[in-house]
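What follows is the residue order along each chain.
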Amino acid sequence: MTETANARKIAFATFVRRALADARATRAWSGTEVSRRTGVSRQTINRWVRGDWASDPEAERVVAFCEGLDLNPAAAFTALGWDRATNPRTAPTPPPMDPDVEALLRRLVDPNVSDAEKFHIRETIRYLAYRPTLSPDVRNSSKEAG
């Protein structure tokens with residue numbers, strides 16, 4: 001194990017120990033109560049305290065632990081060495097948007113377009129979005145008729 005990985009484990013274990021000690025001292029919560037309120041199992045919390053983990057803890061569990069104890073998750077992320085500002089998760093590139101949809105979106109945010117027109121656009125989009133999908137048989141028969 002590298003020195004950096006070991007230091008991160010020690011820092012996170014210290015963070016978790018302090019959080020547990022604070023929960024015991026100020027709220028009289030047992031380990032079982034902390035587990036219940038955070039949704040993180042006692043086994044996981046105990047592994048964190050011992051620094052006994054091969055891969056980083058799951059971010060969702062760390063956040064749940066912190067939120068259950070009214071702690072800022074950023075402190076846990078710092079202890080883990082997660083720099084959220086310089087290492088953001090890369091979001092998948094959204095598919096290209098249809099030009100007609102882009103035009104509608106521009107009209108919906110344009111302050112020069114009346115509220116009545118915006119209402120009409122939204123109602124039309126809502127109708128199209130939630131109307132029943134035509135079965136392939138119906139679509140094919142309409143092509144043949146035209």
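Residues numbered from 1 in each chain as written. Predicted model: local features only at pLDDT ≥ 70, side-chain atom pairs only at ≥ 80, totals over all residues. Heavy atoms only, no water.

Asks: Which parts of the structure should I look at to understand helix α3 (residues 42–50)?
Replies: Each α-helix turn comprises 3.6 residues. Residues three or four places apart therefore point the same way. For α3, the complete set of buried residues consists of Thr44, Ile45, Trp48 and Val49. Burial along α3 is one-sided: seen end-on, the buried residues are contained in an arc of 140°. Seen from the open side of α3, the exposed residues pointing more than 90 degrees away from its buried face are Gln43 and Arg50. Contacts made by the buried residues of α3 are with α1 (3–27), α2 (31–38) and α4 (59–68). (Buried < 20%, exposed > 50% of the residue type's maximum accessible area, 1.4 Å probe, protein only. Helix = DSSP H or I, 4+ residues; strand = E, 2+ residues; numbered from the N terminus. Arc of directions from axis to C-beta. Contact = heavy atoms within 4.5 Å.)

Asks: In this structure, what is going on with the pattern of salt bridges? I would like to understand it.
Replies: Applying the stated criterion across every chain, the model contains seven salt bridges. With a closest N to O distance of 3.2 Å, Asp70 and Arg27 form a salt bridge. With Asp70 in the loop between α4 and α5 (73–80) and Arg27 in helix α1, the pair connects residues that are 43 residues apart, well separated along the chain. Here Asp70 falls in the exposed class, since its relative accessible area comes to 62%. When the shortest N-O distance is used, the salt bridge between Arg37 and Glu33 registers 2.6 Å. Taken together, the positions of Arg37 and Glu33, both in helix α2 and four residues apart, correspond to about one turn of that helix. (Salt bridge = Lys/Arg side-chain N within 4 Å of Asp/Glu carboxyl O.)

Asks: I keep staring at the side chain of Thr38 and nothing clicks. Help me out?
Replies: Position of Thr38 relative to the elements: it lies in helix α2. Within the structure, the side chain of Thr38 is placed 3.2 Å from the backbone nitrogen of Val40, a separation counted as a polar contact. If we ignore the near neighbours within four places in the chain, the residues touching Thr38 are Ile45, Ala64, Phe65, Gly68 and Leu69. (Polar contact = N/O pair within 3.5 Å; in protein donor to acceptor, adjacent residues only side chain to side chain.)

Asks: Hey, could you run me through the packing of aromatic side chains in this one?
Replies: Between two aromatic rings, the relevant description is the distance of the centres plus the angle of the planes. Taken as a whole and judged by the stated rule, the model has five aromatic pairs. Where Phe77 meets Trp82, the ring centres are 5.3 Å apart and the plane angle is 35°; that geometry is what we call tilted. Summarising the burial analysis for this pair, Phe77 and Trp82 share the class buried. Among the aromatic residues, those joined into a cluster by ring pairs are Phe12, Phe15, Trp48, Trp53 and Phe65. Over the aromatic face of Trp53 sits the side chain of Lys9, whose NZ or CZ is 5.3 Å from the ring centroid. Between Arg27 and the ring centre of Trp29, over which it is positioned, the NZ or CZ distance is 4.7 Å. (Phe/Tyr/Trp six-rings, centres within 6.5 Å; stacked < 30°, edge-to-face > 60°. Lys NZ or Arg CZ within 6 Å of the ring centre and 35° of its normal.)

Asks: Any chance you could explain the packing of α1 against α3 here in plain terms?
Replies: Working note: a packed helix pair is described by the angle between its axes plus the distance between those axes. Close contact between α1 and α3 brings their axes to 7 Å; oriented N to C, the two are set at 125°. As summarised for this structure, α1 and α3 are arranged oblique, according to the angle between their axes. Residue-level inspection shows Phe12, Ala13, Val16, Arg17 and Leu20 of α1 in contact with α3, the latter providing Ile45, Trp48 and Val49. Classifying every residue of the contact of α1 with α3 gives seven nonpolar, no polar and one charged. (Axes fitted to C-alpha atoms, helices over the stretch in contact; angles between N-to-C directions. Parallel < 35°, antiparallel > 145°, perpendicular 65-115°, else oblique. Nonpolar A, V, L, I, M, F, W, Y, C, P; charged D, E, K, R; others polar.)

Asks: Looking at this structure, how should I read a nonpolar patch on the surface?
Replies: Residues Met97, Val101 and Leu105 make up a contiguous nonpolar surface patch of about 240 Å² in total accessible area. Assignment of secondary structure puts Val101 in helix α6 (residues 99–109). Taking the relative accessible area as the measure of exposure, Val101 reaches 38% and is therefore partly exposed. (Patch = residues over 30% accessible without salt bridge, like charges linked within 9 Å, V, L, I, M, F, W, Y side chains within 5 Å. Areas by Shrake-Rupley, 256 points an atom, 1.4 Å probe, with all protein chains shown as cover.)

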